[in-house]
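# Residue-level structure breakdown
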Amino acid sequence: MKRTAFYLSDGTGITAETLGHSMLSQFGDIEFVQITLPFVQSDEQTREAVARINKAAREDGEKPVVFSTLVNSDHRALLHDCEGLVLDLFGAFLNPLEDELGVRSNHKINQSHAIRDAESYRIRINAVHFALDNDDGARTRHYDQADVILIGVSRSGKTPTCLYLALQFGLFTANYPLTEDDFDDLRLPKSLVEHKDKLFGLTINAERLSAIRSERKAGSRYASLRQCDMELRGLEAMYNKHGIPYLDATELSIEEISTRVLAMKGLKRRLQ
């Protein structure tokens, strides 16, 4: 079963996508063709969006689902004339919020992801640069500045998690790959010992790890199930020996992993 879903916004579309994805994930039996229409900021652009929605309705024979974060009331009125199911996120929540607060909202577009706080933006950029500079154990001399150091075997999700923690929370994150040589005596690498309190481990199912590695080096010893299983057994033994908190990331998204790292390490986000 297929349906078309539109994410409509006068800004980047990130908010509409995030909320829409959360809702659509509850309908796993339906395959959604997803279309994002960002920066819809004029009557003409709104009418063009309505035309695309109506075209999809005719072609599908079903109403498209439309997630909208349009702020302008005239544009929202135009959108509601389309042949789709319009879920007007600002219309649903902004008016009740105004009534409760006793204040009218400013109805300015593109506010959710605008640069309003120069200091917060600076923190975000510096955190991302730190994550990139301290990726994959390439550098370890700045570990004293890190909020958290993710460790784990190769291809277990360390890098994307570090980048997400930096981008969304402004945290200074580093990551260090552990190899089979580290598991012979279960000793932590020297560069990690003095920062043990900052360590957080990731692990993953051996079958899943083998599949991920095979995308890069199919048929190699590195990607073999036997090698993956051996490394993961040694990895978890090291975590347990040194009392390092860790998380099985097999079935978790980067967003879920990051949020759990934040909670389990008791870290405070620098960005709200």
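Everything numeric in this text was worked out from a predicted model, so none of it was measured.

## Things to note about the packing of helix α5 (residues 118-133) against helix α6 (residues 158-169)
The geometry of α5 relative to α6 is characterised by a closest axis approach of 8 Å and an angle of 170° between their N-to-C directions. As judged from the angle between their axes, α5 and α6 are roughly antiparallel. The element α5 and its partner α6 pack so that their crossing is right-handed. Between α5, through Arg124, Ala127, Val128, Ala131 and Leu132, and α6, the contact on the second element is made entirely by Cys162, Leu163, Ala166, Leu167 and Gln168. Residue composition of the contact of α5 with α6, by class: 8 nonpolar, 1 polar and 1 charged.

## Digging into the pattern of salt bridges
If you walk through the whole model with that rule in mind, you get 10 salt bridges. Between Arg3 and Glu62 there is a salt bridge, with the nearest N and O atoms lying 3.9 Å from each other. Of the two residues, Arg3 is situated in strand β1 (residues 2-8) and Glu62 in the loop between α2 (43-60) and β3 (65-68); the sequence distance between them amounts to 59 residues. The partly exposed category is assigned to Glu62, whose relative accessible area is 38%. In this structure, the salt-bridge partner of Glu98 is Arg104, at a minimum N-O distance of 2.8 Å.

## Things to note about the sheet that holds strand β6 (residues 173-177)
Strand pairing in a sheet takes place through backbone hydrogen bonds and is either antiparallel or parallel in direction. Strand order across the open sheet formed by 4 strands is β6-β5-β7-β8, with parallel pairing between neighbours. A single partner strand is all that each edge strand has here, and the edge strands are β6 and β8 (246-248). Along the sheet, successive strands turn relative to each other by an average axial angle of 25°, direction set aside. When strand β7 (residues 199-203) meets β8, the two strands line up parallel, connected through 3 bridges. When the bridges of β8 are listed, Thr203 appears paired with Asp248. Along the sheet, helix α9 (residues 225-242) contacts β5 (148-152), β7 and β8; its crossing angle with β7, the most-contacted strand, is approximately 150°.

## What to know about the packing of aromatic side chains
What the rule picks out here adds up to 4 aromatic pairs. Arg213 extends its terminal NZ or CZ atom over the ring of Tyr222, reaching a point 4.3 Å from the ring centre. Sitting above the plane of the Tyr222 ring, Lys217 keeps its charged end 5.4 Å from the centroid.

## Some points on the sheet that holds strand β2 (residues 31-37)
Reading across from one edge, β2-β1-β3-β4 is the order of the 4 strands in this open sheet, with parallel pairing throughout. If you trace the sheet from one side to the other, it starts and ends with β2 and β4 (85-88), each paired once. Across this sheet, the average inter-strand angle for adjacent strands is 20°, counted without regard to direction. Sheet topology places β1 next to β2; 7 bridges connect them, and they run parallel. Within β2, the residue paired with Lys2 across the bridge is Glu31. Relative to the sheet, helix α1 (residues 14-24) contacts β1, β2, β3 and β4, its axis offset from that of β1 by approximately 155°.

## A short note on α5
The terminal C-alpha atoms of α5 lie 22 Å apart, and with 16 residues this matches the ideal 22 Å at 1.5 Å per residue to within 8%. Summarising the contacts, the buried residues of α5 are in contact with α6 and β6.

## Description of the domain arrangement of the chain
Splitting the chain by domain gives domain 1 (2-101) and domain 2 (114-265). Each of domain 1 and domain 2 has a C-alpha centre, and these two points are 37 Å apart.

## Some words on the environment of Thr4
By the secondary structure assignment, Thr4 is in strand β1. Along the sequence, Thr4 and Lys63 sit 59 residues apart, while their C-alpha atoms lie 7.9 Å from each other. In contact with Thr4, other than residues within four places in its own chain, are Val33, Ile35, Ala56, Asp60, Pro64 and Val65.

## Describing the layout of surface pockets
Approximately 460 Å³ is the volume found for the second largest pocket. The set of elements that each furnish at least two residues to the lining of the second largest pocket consists of α6, α8 (206-216) and α10 (254-265). No other element matches the 4 residues that α8 contributes to the lining of the second largest pocket. Here the lining of the second largest pocket is built from residues that sort into 7 nonpolar, 5 polar and 7 charged.

## Some remarks on the pairing of β4
Burial along β4 is one-sided: Val86 and Asp88 are buried, while Leu85 and Leu87, pointing the other way, are not. Handedness of the β-α-β unit built from β3, helix α3 (residues 73-79) and β4 comes out right-handed.

## Some details on α10
When the terminal C-alpha atoms of α10 are compared, their 16 Å separation across 12 residues agrees well with the 16 Å that a helix rising 1.5 Å per residue should span. Along α10, the residues classified as buried are Ile257, Ser258, Val261 and Leu262. Buried residues along α10 cover an arc of 135° about the axis, so they all sit on one side. Among the structural elements, β5, α6, β7 and β8 are those in contact with the buried residues of α10.

About the criteria used
- Residues numbered from 1 in each chain as written.
- Predicted model: local features only at pLDDT ≥ 70, side-chain atom pairs only at ≥ 80, totals over all residues.
- Heavy atoms only, no water.
- Axes fitted to C-alpha atoms, helices over the stretch in contact; angles between N-to-C directions.
- Helix = DSSP H or I, 4+ residues; strand = E, 2+ residues; numbered from the N terminus.
- Parallel < 35°, antiparallel > 145°, perpendicular 65-115°, else oblique.
- Left-handed = near helix turned anticlockwise from the far one by under 90°.
- Contact = heavy atoms within 4.5 Å.
- Nonpolar A, V, L, I, M, F, W, Y, C, P; charged D, E, K, R; others polar.
- Salt bridge = Lys/Arg side-chain N within 4 Å of Asp/Glu carboxyl O.
- Buried < 20%, exposed > 50% of the residue type's maximum accessible area, 1.4 Å probe, protein only.
- Pairing = 2+ DSSP bridges.
- Phe/Tyr/Trp six-rings, centres within 6.5 Å; stacked < 30°, edge-to-face > 60°.
- Lys NZ or Arg CZ within 6 Å of the ring centre and 35° of its normal.
- Expected span 1.5 Å × (residues − 1).
- Domains from an automatic or database assignment.
- 1 Å grid on protein atoms, 1.4 Å probe; cavity = no way out; pocket = protein on both sides within 12 Å on 5 of 7 lines; lining within 4 Å.
- Points joined across faces, edges and corners; volume = space filled by probe spheres on them.
- Right-handed = clockwise from strand over helix to strand, strands pointing away.
- Arc of directions from axis to C-beta.

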